[in-house]
Structure formats: C-alpha cells, structure tokens
Amino acid sequence: MKKIFTLTILALMTFITPQAADYNTVAEIMNIYSELNLENNQTSTDSYTIRGYVTKWNSGYPKYQNADFFIDDSATGSTSLFECYRLTGQEDSDRHELTAGCYVEVNGYLKNYNGRAELVNGTFHVITEITWTPVPASISEIISLNDNKRYILTGVVTSIDDAANGNLYIQDNTGSIYIYKLSDANGNAINFASLNLEEGDTLTMSGMYKRYNDIDEITNSTYISHTKGQKVHIPGSLRVCAQNLENYYYNYDTTITKRPKYHDAAGFQAKTSKIVNAMLSIDADIYAFCEVEAKPIVLQQLADSMNAHAGTTGVYAAVSDNIDYTFGEDPDNHIKSGFIYRTDKVATVGSNSQASYAQYYRNTMRIQAFRLLSNNEKLVLSMNHFKAKTNGGDSQRISNANDLVSALSNVTTDPDILVMGDLNCEYGEEPITIITNAGFEEQILRFDSSAYSHCYDNGELIDHVLANASMREQIDRAYVKHVCTTCNNHNSNYSTSYSDHDPYVIEIVLGRTTTGIEDLENRKDNHDWQKVIRNGQLIIIRGTEAYTITGQRL
C-alpha cells in the first residue's frame with residue numbers, strides 16, 4: 001500500500017529570454033481561455049501563438065506528427081502547465097522527439113477538454129533545444145505549492161512497491177513521497193531489472209504532485225536517470241520473508257490430488273520459476289512458506305532451484321522436518337509449512353517441531369529456531385496456516401490459536417519469538433486476539449494500517465506477523481510485497497502470479513540491545529529510514545540495509 005518516503009525536487013534554472021512580442025505567454029493564454037468561457041469540447045474560432053519550454057513529452061505518437069506535450073514559459077515554474085495536443089512539426093528540424101527543456105513556438109486553437117485548457121489543431125516549431133538546466137530543490141516545496149506543475153525530482157529509492165506497474169517510494173531530508181507509475185521515455189512502465197534500479201539507488205525523474213486518498217504522490221512520472229547506492233553492512237541485519245504459496249505441489253497428478261492449479265511438468269516448472277524470481281528479488285536470509293505439499297522433496301527442490309538461478313551451490317537449503325504424508329490421508333494433512341534459509345547467513349538451532357497435532361492442518365504450525373552467524377544472536381520463528389474459513393472454521397482457528405500459544409509458552413531456545421503465517425482471519429477476530437492477549441503484537445499493521453495480503457472483499461490482511469515484546473524492539477520494518485495481488489478487480493491473476501497471497505517481509509536488527517547497534521542517531525520507531533553520520537559520511541539506514549549517498553545532500 002502507499003507509504004510516505006522522501007524525494008528531492010528540481011526547479012528550472014537558466015532559460016532564453018524571448019525577443020519577439022507576437023505571441024502570448026502561458027499566463028496570458030490562460031486569461032484568454034477563461035474569458036472565452038468555452039463549453040466542454042468546444043474549440044475557439046481564432047488561433048493563438050504561444051512560446052514555452054517543453055516540460056513533458058507524451059509519447060506514443062509519431063516523432064513529429066500528432067505531438068502531445070506540455071509547455072511552461074517560466075524557468076521557475078511560476079505559471080501553469082499547458083498541454084499542446086497532437087500538433088505537427090513545421091520544419092525538418094522539428095522531426096525528432098521533443099526533449100524536456102526545448103524552447104518551442106506553438107500555434108493552434110484553444111479547446112475546453114473536460115474543463116482543461118488545451119491547444120489543438122495546430123503546429124509547433126523548435127526554436128532552441130534544451131535551454132534550461134535542472135538544479136536541486138526539496139520535496140517539501142512541491143507539497144506546499146500543490147500547484148499541479150511538473151517538476152524534475154531526485155531522491156533515494158526507499159522501497160519498490162510494485163515493480164510491474166512502476167510504483168515506488170523515494171525520500172530526501174525534507175519529506176517523503178510515493179511515485180505512481182514511473183514510465184520510460186516511451187510511456188511504458190519502467191523495467192527495474194533491466195535498469196538495475198534497486199532500493200537505495202538515487203533516482204532522478206520528472207512528475208506532477210497530487211494528493212490522493214490523503215497520500216502525497218507524484219503522478220505522470222517519467223524516468224530520467226539513476227545512480228547506484230553504496231550498501232553499508234549493519235551488524236545483526238536479518239531479513240525474513242514469508243508467504244502462502246497456494247498449493248505448491250511436486251506431485252501434481254490429478255489422480256492423486258486435486259489441489260494444484262497445474263497438472264503437468266510445465267505448470268510446475270512455471271510456478272517454480274515465478275516463486276524463485278520473486279524470492280531472490282526480495283533477497284531474504286530466511287524464507288517461511290505455508291500451503292506446500294507435505295513431502296520432503298518439495299522445499300528442497302525449491303531451494304535447489306533458487307541456487308541454480310542465483311548461480312550458487314548450497315547457499316539456499318531447506319530445513320528438514322521429516323514430514324511425508326500418504327496419498328490416502330485426510331487432504332488437510334497433504335499440506336505443510338516449512339523453511340528455506342541461507343547457509344552463509346544463518347544456521348538452524350535444534351529440530352523443526354509442530355505446535356500441535358490436532359486434527360486441523362496437523363503439519364502447518366511449525367516452529368524453528370535460527371542463529372545469525374554474524375553475531376550468534378538467535379530467534380524463534382513460528383510459521384503457521386490456520387484452518388480455512390469453511391463450516392466450523394471459527395472454532396477450528398480458535399483451536400489453532402490456543403494450541404500455538406500453548407506451544408510457544410514452552411519454547412526455551414531463545415526469548416525472541418516471531419509468529420507468521422496465513423491465519424485466515426483479519427486483525428480483531430478471536431484467533432488473533434488470543435495470540436495478542438498472550439503478549440504478541442501485529443507488526444505489518446504497526447507500519448501500515450491499510451495493508452492487505454489477499455484479494456477478497458476489496459482486499460484483506462489475513463497473513464500476519466506477530467512479535468513478542470523482546471522481538472518487537474528489534475524489528476525495523478514489516479510490510480507486504482505486492483508481487484501476486486493488486487486487488488484492482490478484487491482477486492489475483494494466476495496467469496501472471498503464482499499465488500493468491502502476497503509475500504511479506506520483516507526487517508530485523510537482531511541483538512540490537514546486546515551488540516551496540518542501538519546508538520544509531522535519530523532512530524525512529526516506524527518505517528522511516530534513519531539518517532546517521534559515520535566518519536563524516538552521511539548514511540541512511542532502514543532495517544537490513546544502509547546506503548551512502550554519493551554527491552547527494554540529504
């Protein structure tokens with residue numbers, strides 16, 4: 001969901017002072033437009049000439065015909081942006097895609113298009129190419145101005161919310177903002193992978209401010225460039241990712257089980273590939289999964305696929321659990337929860353155990369302790385899948401919750417306990433209340449009160465992260481990563497995803513109270529990044545990652 005982070009805005013600096021007077025300024029043309037009082041879709045009878053700087057090129061049309069772009073005649077952004085719609089270049093020199101900064105002359109007719117002024121049925125001529133240079137400003141300025149003008153922005157990418165649609169968050173030292181549908185020069189959603197654009201990079205882009213559902217955001221955004229952030233190691237950093245994989249079965253024969261949505265090797269491989277790509281992009285140290293087939297081979301095969309894709313050997317390993325159902329058992333016993341971990345980051349402590357052997361999903365409430373190799377700190381992870389919302393489901397989920405709390409009360413490996421999983425109920429329902437009454441606090445909602453992980457009834461959070469008191473103090477962030485569901489149509493799209501649930505991520509600094517990490521300057525008890533000065537260098541930190549900002553004043 002939309003969260004607020006920071007960004008740097010660029011104003012416009014040097015520009016050419018027009019010499020002629022046989023044209024209108026944007027401010028003058030807006031006054032004329034107002035006086036004409038045109039009806040909706042009505043066009044003026046007279047034509048007008050305007051000069052200004054191209055602030056955005058709307059692509060998708062031929063290079064010099066049907067050109068759709070915005071102009072502003074002030075290098076300081078003091079006048080309203082004005083759209084020139086589908087104009088034609090007058091000369092050979094106009095036969096190129098316009099670039100932000102070009103000084104142009106346009107001629108055409110004014111039109112009221114749904115209450116917005118446009119110049120249509122006309123021509124344009126490039127007078128001078130790229131005549132202004134962007135210089136830094138701040139995000140707080142664009143929010144305070146709220147003037148629907150286009151700005152060039154620079155900021156640190158703090159989170160990529162939806163790579164497929166180009167949605168992300170950026171920040172600077174004055175505030176934070178959400179970037180909606182970042183596009184390339186051709187109007188297509190940015191391909192983050194091909195650009196190697198990641199969290200911690202410094203992004204330069206253009207866009208317009210909008211207040212949407214009480215969230216500050218930049219819309220009509222266009223990618224310009226980015227520079228890589230330099231990662232800094234934080235002692236005790238740990239990232240955990242969990243997800244319901246929606247019936248991930250190695251044995252997909254329909255004569256054996258009806259659970260998977262695929263029924264051949266190609267379907268299994270396609271789902272595996274999607275899972276691997278998503279998990280490696282999240283780059284967690286521990287992965288916890290539920291709704292996978294209760295066979296030893298399944299998670300080990302997934303770990304092997306992650307190693308093959310990452311070009312590593314033995315880095316990703318599955319936690320052994322000795323679970324192996326028989327095909328004639330109750331279908332509830334065909335699925336399990338389990339763990340995959342990075343052997344170069346953590347080690348298992350003790351054996352993998354079941355919270356309860358009740359009749360409700362007997363293999364899906366698993367407990368495993370891990371030790372962080374960098375500082376030998378430990379934590380206990382509980383990955384769960386409560387009974388689904390079927391007949392009698394309420395009482396069964398309540399039984400799941402009571403069994404889980406009872407099992408966790410007997411854990412002695414380490415006091416830091418994290419409960420995760422598809423609990424099949426929203427916050428406030430009795431099963432979760434049983435867990436919170438036992439001293440656990442929901443972490444995803446702590447950082448985002450409107451989070452959702454599953455598309456049902458306009459989107460709901462039924463996957464949860466709950467931490468006891470000592471664990472809570474070491475969590476810097478918990479969030480849902482929307483790689484499977486968007487809830488645009490209130491359901492998931494299996495053709496482009498691999499599950500009806502999204503993965504969720506917990507970023508931890510394990511052992512903060514015992515390893516000297518707690519003295520970070522300006523540490524905040526929320527999802528904001530922290531600004532820290534170390535050896536005279538500015539570093540921003542959140543959860544498991546920190547970055548230096550080379551050449552960027554924050």
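Residues numbered from 1 in each chain as written. Predicted model: local features only at pLDDT ≥ 70, side-chain atom pairs only at ≥ 80, totals over all residues. Heavy atoms only, no water.

Peer 1: Before we go on, may I ask you to explain the overall build of the protein chain in this structure?
Peer 2: Check the secondary structure of the protein chain and you find 9 helices and 28 strands. The buried share of the protein chain, reckoned over its 554 residues, is 56%. If you take every contact in the protein chain between residues at least 6 apart in sequence, the share linking residues at least 24 apart comes to 70%. When the accessible surface of the protein chain is totalled, it reaches about 23000 Å², and 45% of it is carbon and sulfur. (Helix = DSSP H or I, 4+ residues; strand = E, 2+ residues; numbered from the N terminus. Buried < 20%, exposed > 50% of the residue type's maximum accessible area, 1.4 Å probe, protein only. Contact = heavy atoms within 4.5 Å. Areas by Shrake-Rupley, 256 points an atom, 1.4 Å probe, with all protein chains shown as cover.)

Peer 1: Please explain the pattern of salt bridges as it appears in this structure.
Peer 2: Where side chains of opposite charge bring their charged atoms close, a pairing between them can arise. Scanning the entire structure with this criterion turns up 19 salt bridges. Close ionic contact of Glu-83 with Arg-116 constitutes a salt bridge, the shortest N to O distance being 3.1 Å. A residue pair is termed long-range when its members are at least 10 positions apart, and Glu-83 in strand β4 (residues 82-89) and Arg-116 in strand β6 (residues 116-128) qualify at 33 residues. Given the relative accessible area of 5%, Glu-83 is considered buried. Of the charged contacts, one joins Lys-336 and Asp-321 as a salt bridge, the two residues approaching to 2.9 Å between their closest N and O atoms. Residue Lys-336 is located in strand β17 (residues 335-342), and its partner Asp-321 is located in the loop between β16 (316-318) and β17; the two are separated by 15 residues in the primary sequence. Three or more residues joined by partner-sharing salt bridges are found here, namely Glu-83, Arg-116 and Glu-118. (Salt bridge = Lys/Arg side-chain N within 4 Å of Asp/Glu carboxyl O.)

Peer 1: Would you mind going over the nonpolar core with me for this structure?
Peer 2: Soluble globular proteins: nonpolar side chains tend toward being buried together. Within the largest apolar cluster, 34 residues are counted, with the highest numbers of intra-cluster contacts made by Tyr-248, Met-279, Tyr-287, Phe-289, Leu-302, Met-306 and Ile-340. Going through the elements one at a time, β14 (237-248), α4 (265-282), β15 (286-293), α5 (296-310), β16 and β17 are the ones with two or more residues in this core. Ranked by residue count, the leading element in this core is α4, at 7 residues. Among all residues touching Ile-340, those that are not within four sequence positions of it are Ile-286, Tyr-287, Phe-289, Leu-299, Leu-302, Ala-303, Met-306, Tyr-316, Ala-317 and Ala-318. Counting 32 residues, the second largest nonpolar core, distinct from the first, contains Leu-238, Leu-372, Leu-461 and Val-480. (Core = buried A, V, L, I, M, F, W, Y, C linked by side-chain atoms within 4.5 Å.)

Peer 1: How should I be thinking about α4 in this particular structure?
Peer 2: Residue pairs three or four apart in sequence face the same way in an α-helix, which turns once every 3.6 residues. Between its first and last C-alpha atoms α4 spans 26 Å; for 18 residues at 1.5 Å apiece the expected length is 26 Å, and the two agree. For α4, the set of buried residues is Gly-267, Phe-268, Lys-271, Thr-272, Ile-275, Val-276, Ala-278, Met-279, Leu-280 and Ile-282. Where α4 is buried, its residues contact β14, β15, α5, β16 and β25 (504-509). (Expected span 1.5 Å × (residues − 1).)

Peer 1: When you look at the packing of aromatic side chains in this model, what are you seeing that I'm missing?
Peer 2: The description of an aromatic ring pair uses the distance of the two centres, along with the angle that the planes make with each other. Applying the stated criterion across every chain, the model contains 13 aromatic pairs. Taken together, the ring pairs connect Tyr-248, Tyr-250, Tyr-252, Tyr-262 and Phe-268 into an aromatic cluster. Its guanidinium or amino end placed over the ring of Tyr-325, Lys-295 lies 5.0 Å from that ring's centre, counting from NZ or CZ. Positioned above the aromatic ring of Phe-327, the side-chain terminus of Lys-295 is 4.8 Å from the ring centre. (Phe/Tyr/Trp six-rings, centres within 6.5 Å; stacked < 30°, edge-to-face > 60°. Lys NZ or Arg CZ within 6 Å of the ring centre and 35° of its normal.)

Peer 1: It is not clear to me how the pairing of β15 should be interpreted in this structure. Could you clarify?
Peer 2: As a general feature of sheets, a regular strand has side chains that alternate between the two faces. Where burial is concerned, most of β15 is hidden: 8 out of the 8 residues are buried. Sheet topology places β14 next to β15; 6 bridges connect them, and they run parallel. Each residue of the ladder has a partner; that of Gln-243, found in β15, is Phe-289. Of the strand pairs in this sheet, β15 and β17 are connected by 6 bridges, and their pairing is antiparallel. Of the residues in β17, the one forming a bridge with Tyr-287 is Ile-340. (Pairing = 2+ DSSP bridges.)

Peer 1: What is the right way to look at the sheet that holds strand β23 (residues 463-467) in this model?
Peer 2: Within a sheet, each strand pairs with its neighbour through backbone hydrogen bonds, oriented either parallel or antiparallel. Taking strand neighbours across the sheet as the criterion, the 6 strands line up as β18-β19-β20-β21-β23-β22 in an open arrangement whose pairing is mixed. Either end of the sheet is taken by a strand with one partner, and the two such strands are β18 (346-354) and β22 (441-442). Where β18 and strand β19 (residues 365-372) come together, 6 bridges link them in antiparallel fashion. Looking across to β19, one finds that Ser-353 is bridged to Ile-367.

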